[in-house]
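A closer look at the structure
One letter stands for each residue in the lines below.
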Amino acid sequence: AMAEKASGKLELFSADLFKAGSYDKAFDGADAVVHCAAIVANKNSVKGDAYKAIVDPSVAGTVTVTESIHKSKSIKRVVHTSSVAAIQTYDKPSTHVFSEEDWNTWSSTTNEDYYGLGKTLAEEKAILSSHGKDYDLVVINPCVVVGTCLTKKHTKASPVFIRQLLYGNAMADTPMTFVDVEDVAMAHLEALRRPEAGNNRFVIAGDDETSFFRFPALADKMQKMYPDLKVDANLYGGVMFNLAWTFTMTTFEKAVIQTDVHFTNEKSKKVLGLKYAAFDDTLKRTVDSMVDTGFVKPRKKQP
């Protein structure tokens, strides 16, 4: 259906992020590359060695893509999808607002923030590899991406937090800043289009005053939007949670719960020309795409 409305042609290639030279053919003659592949996971969601499962694919994949870019003589612009995880830390004052000038120097194998570590190392690798080359690099750093879910599996990706509120599943009281998936897509497009975007990184996040939430406040907003549905922020607590906090939770897991992290998106507005979607509209499209399709079976409020 997309092809029927689009001009030009789309050619697909098979490649492997762990195989050197895998992207050579795809990049030959290309004008630009968007590298957006990464593992989105934490220690508890993978089996075995978390560094090998999360950090290695991000860094090794970036190396594989970069080496193929260097072989191409035609590429002039590379867009690397990173994350605010490569920007934010958990050791700043509560008044600190994170921007593109900040780097994540906090994440490590010791505190077990493998995702933040992987995104930071991969972005650093992409930037260092671009120095002295014939192309320039743009880095996109999105926060938690929500918006229209196109498949059932998608509801368990970054919009999973909204799904959890609809089901009333237990979750940690974690603060988050959200952004619309369409704004993230537009950021990538403008990063390709605009010469002035070159050799910059961009925080892609909804406006802080309307897109930053802890889950109880987000649940309240959703409940007002959907009065016939039951929406709960069922937060971890009680004896078992207290025991976990004392004996098993990592430094990273505790920091995520304890620390409010705020971002400014002013640079993306000024340089990329982004106009962010109103969060209420984004939230409604997210919920509607889950519920109207049957991907999520929400609980009805009892009369």
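Described in the following lines is the structure provided in the data block. (Residues numbered from 1 in each chain as written. Predicted model: local features only at pLDDT ≥ 70, side-chain atom pairs only at ≥ 80, totals over all residues. Heavy atoms only, no water.)

1. Points about the sheet that holds strand E1 (residues 32-35)
- The parallel open sheet is built from four strands, whose spatial order is E1-E2-E4-E8. Looking at the sheet topology across the chains shown, the edges are occupied by E1 and strand E8 (200-204). Shown here is a sheet whose adjacent strand axes are inclined to one another by a mean of 15°, direction ignored.
- Sheet topology places strand E4 (residues 136-142) next to E8; five bridges connect them, and they run parallel. From the neighbouring strand, Val138 faces E8, where its bridge partner is Asn200.
- Its contacts with the sheet put helix H4 (residues 114-130) on strand E2 (77-81), E4 and E8, and the angle it makes with E4 is roughly 165°.
- Against the sheet, helix H6 (residues 181-193) engages E1, E2, E4 and E8, with an angle of about 155° to E2. (Pairing = 2+ DSSP bridges. Helix = DSSP H or I, 4+ residues; strand = E, 2+ residues; numbered from the N terminus. Axes fitted to C-alpha atoms, helices over the stretch in contact; angles between N-to-C directions. Contact = heavy atoms within 4.5 Å.)

2. Structural notes on H4
- Its 17 residues place the ends of H4 24 Å apart at the C-alpha level, agreeing with the 24 Å of an ideal helix rising 1.5 Å per residue.
- Backbone geometry just after H4 places Gly132 at a positive phi near 75°. (Expected span 1.5 Å × (residues − 1).)

3. Focus: a nonpolar patch on the surface
- A contiguous nonpolar surface patch, about 480 Å² in accessible area, is contributed by Val239, Met240, Leu243 and Phe247.
- Here Met240 lies in helix H9 (residues 238-247). (Patch = residues over 30% accessible without salt bridge, like charges linked within 9 Å, V, L, I, M, F, W, Y side chains within 5 Å. Areas by Shrake-Rupley, 256 points an atom, 1.4 Å probe, with all protein chains shown as cover. Salt bridge = Lys/Arg side-chain N within 4 Å of Asp/Glu carboxyl O.)

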